[in-house]
Amino acid sequence: MQNMFSVTTSTSSVLPGRNCKVLCWGKKRFLLYIKFLSIIEEILSNFLQETVEKLIRVDIAENALKNTVQSEIPTVSVVADEECLPFKEDTFDLVVSSLSLHWVNDLPRAFREVHQVLKPDGVFIGAMFGGDTLYELRCSLQLAELEREGGFSPHVSPFTAVSDLGHLLSRAGFNTLTVDTDEIQVNYPGLFEVMEDLQGMGESNCSWNRKPLLHRETMLAAAAIYQEMYGNSDGSVPATFQIYYMIGWKFHESQARPAQRGSATVSFGDLAKIDGLLSRGKK
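Computed from a predicted structure; not experimentally measured. (Residues numbered from 1 in each chain as written. Predicted model: local features only at pLDDT ≥ 70, side-chain atom pairs only at ≥ 80, totals over all residues. Heavy atoms only, no water.)

A. Inspection of the overall build of the chain at higher detail. Looking only at helices and strands, one finds ten helices and seven strands in the chain. Taking all 283 residues of the chain together, the buried fraction comes to 43%. Intrachain contacts of the chain at a sequence separation of at least 6 include 77% that bridge at least 24 residues. Approximately 15,500 Å² of the chain is accessible, and the part contributed by carbon and sulfur atoms is 51%. (Helix = DSSP H or I, 4+ residues; strand = E, 2+ residues; numbered from the N terminus. Buried < 20%, exposed > 50% of the residue type's maximum accessible area, 1.4 Å probe, protein only. Contact = heavy atoms within 4.5 Å. Areas by Shrake-Rupley, 256 points an atom, 1.4 Å probe, with all protein chains shown as cover.)

B. Looking closely at the side chain of Lys 250. Looking at where Lys 250 falls in the secondary structure, it is placed in the loop between β7 (237–249) and α10 (274–282). From its side chain, Lys 250 meets the backbone oxygen of Leu 118 in a polar contact 2.7 Å long. In this structure Lys 250 touches Glu 89, Asp 90, His 115, Gln 116, Leu 118, Lys 119, Pro 120, Asp 121, Gly 122, Phe 174, Asn 175 and Gln 255, once residues within four positions along its chain are discounted. (Polar contact = N/O pair within 3.5 Å; in protein donor to acceptor, adjacent residues only side chain to side chain.)

C. Local environment of the layout of surface pockets. Within this model, the largest pocket holds a volume of roughly 440 Å³. Residue assignment for the lining of the largest pocket shows that the elements contributing at least two residues are α6 (135–149) and α8 (191–200). Looking at the lining of the largest pocket element by element, the count peaks at four residues for α8. Of the residues belonging to the lining of the largest pocket, the class tally is twelve nonpolar, seven polar and four charged. (1 Å grid on protein atoms, 1.4 Å probe; cavity = no way out; pocket = protein on both sides within 12 Å on 5 of 7 lines; lining within 4 Å. Points joined across faces, edges and corners; volume = space filled by probe spheres on them. Nonpolar A, V, L, I, M, F, W, Y, C, P; charged D, E, K, R; others polar.)

D. Structural context of the environment of Thr 133. In this structure, Thr 133 sits in the loop between β5 (118–129) and α6. When its relative accessible area of 1% is taken as the criterion, Thr 133 is described as buried. Beyond its immediate sequence surroundings of up to four residues, Thr 133 is in contact with Arg 138, Phe 159, Thr 240, Phe 241 and Gln 242. From its side chain, Thr 133 meets the backbone oxygen of Gly 130 in a polar contact 2.8 Å long. Polar contacts involving the side chain of Thr 133 include one to the main-chain amide nitrogen of Gln 242, which spans 3.1 Å.

E. Expanded view of the pairing of β7. In terms of burial, β7 is largely enclosed, as 13 of its 13 residues are buried. What you see with β7 is no split at all: Val 237, Ala 239, Phe 241, Ile 243, Tyr 245, Ile 247 and Trp 249 on one side and Pro 238, Thr 240, Gln 242, Tyr 244, Met 246 and Gly 248 on the other are buried throughout. As paired elements, β5 and β7 share seven bridges and run antiparallel to each other. Looking at β7, one finds that Phe 124 is bridged to Gly 248. (Pairing = 2+ DSSP bridges.)

F. Summary view of α6. Look at α6: 20 Å from first C-alpha to last across 15 residues, which is about the 21 Å you get at 1.5 Å a residue. The complete set of buried residues in α6 reads Glu 136, Leu 137, Ser 140, Leu 141, Ala 144 and Glu 145. Along the long axis of α6, the arc covered by the buried residues comes to 150°, so they all point the same way. Residues of α6 that are buried sit in contact with β6 (175–188), α8, α9 (216–230) and β7. (Expected span 1.5 Å × (residues − 1). Arc of directions from axis to C-beta.)

G. How the structure looks around the packing of helix α5 (residues 107–117) against helix α7 (residues 162–172). Interaxial distance between α5 and α7 falls to 8 Å at its minimum, and their mutual angle equals 45°. Between α5 and α7, the angle is such that the two are oblique. In this structure, the crossing between α5 and α7 has a hand that is right-handed. Residues Leu 107, Pro 108, Phe 111, Arg 112 and His 115 of α5 pack against Leu 165, Leu 168, Leu 169, Arg 171 and Ala 172 of α7. (Axes fitted to C-alpha atoms, helices over the stretch in contact; angles between N-to-C directions. Parallel < 35°, antiparallel > 145°, perpendicular 65-115°, else oblique. Left-handed = near helix turned anticlockwise from the far one by under 90°.)

H. How the structure looks around the pattern of salt bridges. Applying the stated criterion across every chain yields a total of three salt bridges. Lys 119 is paired through a salt bridge with Asp 93; the nearest N and O atoms lie 3.8 Å apart. Linking Lys 119 in strand β5 with Asp 93 in strand β4 (residues 92–98), this pair joins segments that are 26 residues apart in sequence. On the accessibility criterion, Lys 119 (27% relative accessible area) is partly exposed. Relative accessible area serves as the criterion here: at 14%, Asp 93 is assigned to the buried category. Glu 147 is paired through a salt bridge with Arg 148; the nearest N and O atoms lie 3.5 Å apart. (Salt bridge = Lys/Arg side-chain N within 4 Å of Asp/Glu carboxyl O.)

I. Seen up close, the packing of aromatic side chains. One pass over the structure, following the stated rule, counts seven aromatic pairs. Summarising the aromatic geometry, the rings of Phe 87 and Phe 92 are spaced 5.1 Å apart at their centres and angled 90° between planes, so their arrangement reads as edge-to-face. Of the two residues examined, Phe 87 and Phe 92, each falls in the buried class. Ring geometry for Phe 129 against Phe 159: centres 6.4 Å apart, planes inclined by 70°, an arrangement best described as edge-to-face. You can see Phe 129 sitting in strand β5 and its partner Phe 159 sitting in the loop between α6 and α7, a full 30 residues away along the chain. The exposure class assigned to Phe 129 is buried, which follows from its relative accessible area of 4%. A network of ring pairs unites the aromatic residues Phe 111, Phe 124 and Phe 174 as a single cluster. (Phe/Tyr/Trp six-rings, centres within 6.5 Å; stacked < 30°, edge-to-face > 60°.)

Below is the structure:
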């Protein structure tokens, strides 16, 4: 579960009741911003050449973009930073970001950049790691460091709280927002296997103020604490990955708007009488 669409299955599950054909009215231009490029095959399987004019893959790591995927859709790879997208304003109909935004230094600016390159009525669909991600690992390391070294420093990259996400998207100019959260637990034999897997995923701690090393005794203590506090009955340990899913639209006159305050003709207190009101209306 290392990417947005493997978690949410497909484009149609991101937008309930809609599939790609409905989403892509006419020929559209898509900016695909992805951290884990292995998911491209699944995304492309939901896009058709008849509905997608052009697909642009963006990543700050040039080597990651060399993993080409065969597709009938014209695809271009661009090395760029999400905080400074090299595209003109009002260019794309859809921007997709999959589990890369937790690496961004300036998240508000990245959202503003995405909003700027979207056309009016364009949509941003994103997924990013949430604040409870790897909480078992973080707590175990902190307790072990406190016990063995008398203090602790962060060993897991910081994450955004879900309470801040909607505000940041709104501040960037998005409207008709949808924010959802999900948790995925993966079981490992122990703490060392968790850390090895994270390193293999390229998800090691990137903080500049991180501690350069962990003593062997601290690591062994952390593994014991991890097992004692969170261990499963079969001897394995869970690692939690919290995923935030977000959808935001760029304003357009054709979009639905909330009614003005005080314009309602039915009170919420009358909802219990809805069946009677409907039957009366039919008569």
